[in-house]
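These are the residues of each chain, in order.
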Amino acid sequence: MPATAVQNPAETIERRTHVRRGEWTDVAREAAPLLGASVAVVTGYCVLDLLVPEVRFVGVVGPLIVDVASDWAGKWIGWSVALAVLLAFRRGGMATLRNEYATCRALVSALLHISLFLVVVSFFIAWKAAFPAILPFAFDLRLMELDRALHFGEHPWRLLHPFLASPIRTVLLDWLYFLWYPVLAAVLIWLSWTRDRVLRLQFFLALLFAFVIYGSGIAPLLSSAGPAFFGRVVPTGIIDPYAPLIVHLQTVNDTYPVLSLRLQDRLWARYTGGSGWMEGIAAMPSMHVAFAVLWALAAWRVHRGLGMAFWVFVLIIQAGSIYTGFHYAVDGYLMIALVPPVWWAMGRFSRFWLRPAAEDFSRDPGTRGKENAHVVTGSNCDPAAVH
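Everything numeric here is computed off the predicted structure, so don't read it as measured data. For every chain, the first residue of the written sequence is number 1, and numbering continues from 1 along that sequence. Totals for whole chains, interfaces and linings use every residue, but because this is a predicted model, local features are given only for residues with pLDDT of at least 70 and side-chain atom pairs only at 80 or more, for both listing and counting. Note: side-chain values were computed over all heavy atoms of the structure, leaving out hydrogens and water.

Caption draft 1: Examining the environment of Arg105 more closely. Mapped onto the elements, Arg105 comes out in helix 4 (residues 104-130). Residue class for Arg105 comes out buried when judged on its relative accessible area of 18%. Separated by 79 residues in sequence, Arg105 and Asp26 place their C-alpha atoms 9.1 Å apart. Note on conventions: DSSP H or I runs of at least 4 residues are helices, E runs of at least 2 residues are strands, and numbering of each starts at the N terminus. Exposure is judged per residue with a 1.4 Å probe applied to protein chains only, and the accessible area is read against the type maximum: over 50% gives exposed, under 20% gives buried, and values in between give partly exposed.

Pasting the structure below:
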């Protein structure tokens, strides 16, 4: 019989310490670009607040972060539990859940990514509500004319109307459009927990840059309210081509609840002096479409079928944004064109930054990580788990 190797206790403790240090070094390395970019973005918002006295908004960010965090805490816990239950029912799922997800490293990394997102989105929300004071909805007429020119002299909502005029279809599209919010929570939480560290870093960096470049940069430069508010923001005497659309939505609302009308009323009340932290009007660009495109690109990386489903969702969000009166068609077209380059650039950077992890994750699943199996099994909170 072969002799059983006797492990030196001192060597075992030293190896455990080395493994745990390596794991936390990996977490810090992955988080460094996102943390640095988030700090730079927040600093930029603060400088903007100082340079543009007309839009003092940083003062409301503290309460905003508290509100946003309290709103997302339940979503994060709920969706995380749901994902854990789904994983547990897969073959070998309990072992995977215990060794790769129910660990200090995974928990800290997931919470860090979600927390940075919530901080940045809080600054973005405050800025979105404030920037119309700089250039109050000056581009609605131009965007309407561009929409009509791109669609052969017709308004995009009229092209959709023959297919969506039925009250049932109208309200179904309206509800599908608002499905964007729970999908946002599900995708963010899924990608905060994913084992593909390159995908996670790529997604959250792309999300951050979409907020900064498009949501915070393009939106003030092309300040617009959207078709639902067209008649209220364009000069007097210009015919509102979206008035029949709003009348149609109001007629449907008499029978079925149209969620878009309720939100639009709240948005306008906030803009004209009401209260509510999450209300801000900005049509161009469509961040709903921008996010949906990011989800589709991330899902395509994971599974082609899932990616196709999310691209269909992109089309639904684009159509819904037009037919509910929130956006001009060009608001979404611009994001469909501009988000993929950001995704590609962040992917190149993420693979470079995490290239050892990328190489390991790209191996065949049957051999992935065998050279460092002690790292996987030792990544939970208990040092004794490292054998």
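Following the structure, the description resumes.
Caption draft 2: Local environment of the nonpolar core. Only buried Ala, Val, Leu, Ile, Met, Phe, Trp, Tyr and Cys residues count toward a nonpolar core, and they belong to the same one when joined by side-chain atoms within 4.5 Å. Membership of the largest hydrophobic core comes to 96 residues, with the highest contact counts inside it found for Phe117, Phe203, Leu207, Phe211, Phe291 and Trp295. It is helix 9 (residues 197-221) that provides the largest number of residues to this core, a total of 14 residues.

Caption draft 3: Structural detail: the packing of helix 13 (residues 287-302) against helix 14 (residues 304-323). Throughout, an axis means a line fitted to C-alpha atoms (over the contacting stretch in the case of helices), and angles, computed between N-to-C directions, take values from 0 to 180 degrees. Interhelical geometry of helix 13 versus helix 14 gives an angle of 170° and a closest axis separation of 7 Å. Considering the angle they form, helix 13 stands roughly antiparallel to helix 14. The residues of helix 14 that touch helix 13, namely those facing His288, Val289, Ala292, Val293, Trp295, Ala296, Leu297, Ala299 and Trp300, are Arg304, Leu306, Gly307, Met308, Phe310, Trp311, Phe313, Val314, Ile317 and Gln318. By definition in this entry, angles of less than 35 degrees are roughly parallel, angles greater than 145 are roughly antiparallel, angles of 65 to 115 are roughly perpendicular, and the rest are oblique. Working rule for contacts: check all heavy atoms of both residues, and any pair within 4.5 Å makes them a contact.

Caption draft 4: Broad picture of the pattern of salt bridges. A pairing counts as a salt bridge when a side-chain nitrogen of Lys or Arg comes within 4 Å of a carboxyl oxygen of Asp or Glu. Overall, the coordinates contain 3 salt bridges when judged by the stated rule. Close ionic contact of Arg200 with Glu30 constitutes a salt bridge, the shortest N to O distance being 2.6 Å. In this pair, Arg200 is assigned in helix 9 and Glu30 in helix 1 (residues 9-51), connecting sequence segments 170 residues apart. Given the relative accessible area of 6%, Arg200 is considered buried.

Caption draft 5: Here's a closer look at the confidence of the model for the chain. Here the chain shows a mean pLDDT of 80. Residues at 70 or above account for 75%. A residue's pLDDT is simply how confident the predictor is in it, with values from 0 to 100. Across residues 10-19, where pLDDT falls below 50, the model places 10 contacts with residues more than four positions away in sequence or in other chains. A low-confidence stretch, residues 360-387 stays under pLDDT 50, and its non-local contacts, those more than four residues away or across chains, total 36 contacts.

Caption draft 6: Focus on the side chain of Ser350. Here Ser350 lies in helix 15 (residues 329-353). Note on Ser350: relative accessible area 0%, which makes it buried. Look past the residues within four positions of Ser350 in its chain and what remains in contact with it is Val198, Leu201, Gln202 and Leu205.

Caption draft 7: Focus on the environment of Asp49. If you trace the backbone, Asp49 turns up in helix 1. Here the alpha-carbon distance between Asp49 and Trp127, two residues 78 residues apart in the chain, equals 8.8 Å.

Caption draft 8: Seen up close, helix 6 (residues 156-164). Where helix 6 is concerned, the buried positions are Pro156, Trp157 and Leu164. Seen from one end, helix 6 has its buried residues packed into an arc of 80°, which puts them on one side. On its buried face, helix 6 is in contact with helix 5 (140-150), helix 7 (167-178), helix 11 (243-253), helix 14 and helix 15. Each direction from the helix axis to a C-beta atom contributes to the arc, which is the arc of those directions.

Caption draft 9: Main features of unusual backbone geometry. The step from Met284 to Pro285 runs through a cis peptide bond, and the omega angle for that step is -5°. Tracing the backbone through its elements, the reader meets Pro285 in the loop between helix 12 (259-271) and helix 13. With phi around 60°, Phe152 is a residue other than glycine that occupies positive phi space. Mapping Phe152 onto the fold places it in the loop between helix 5 and helix 6.

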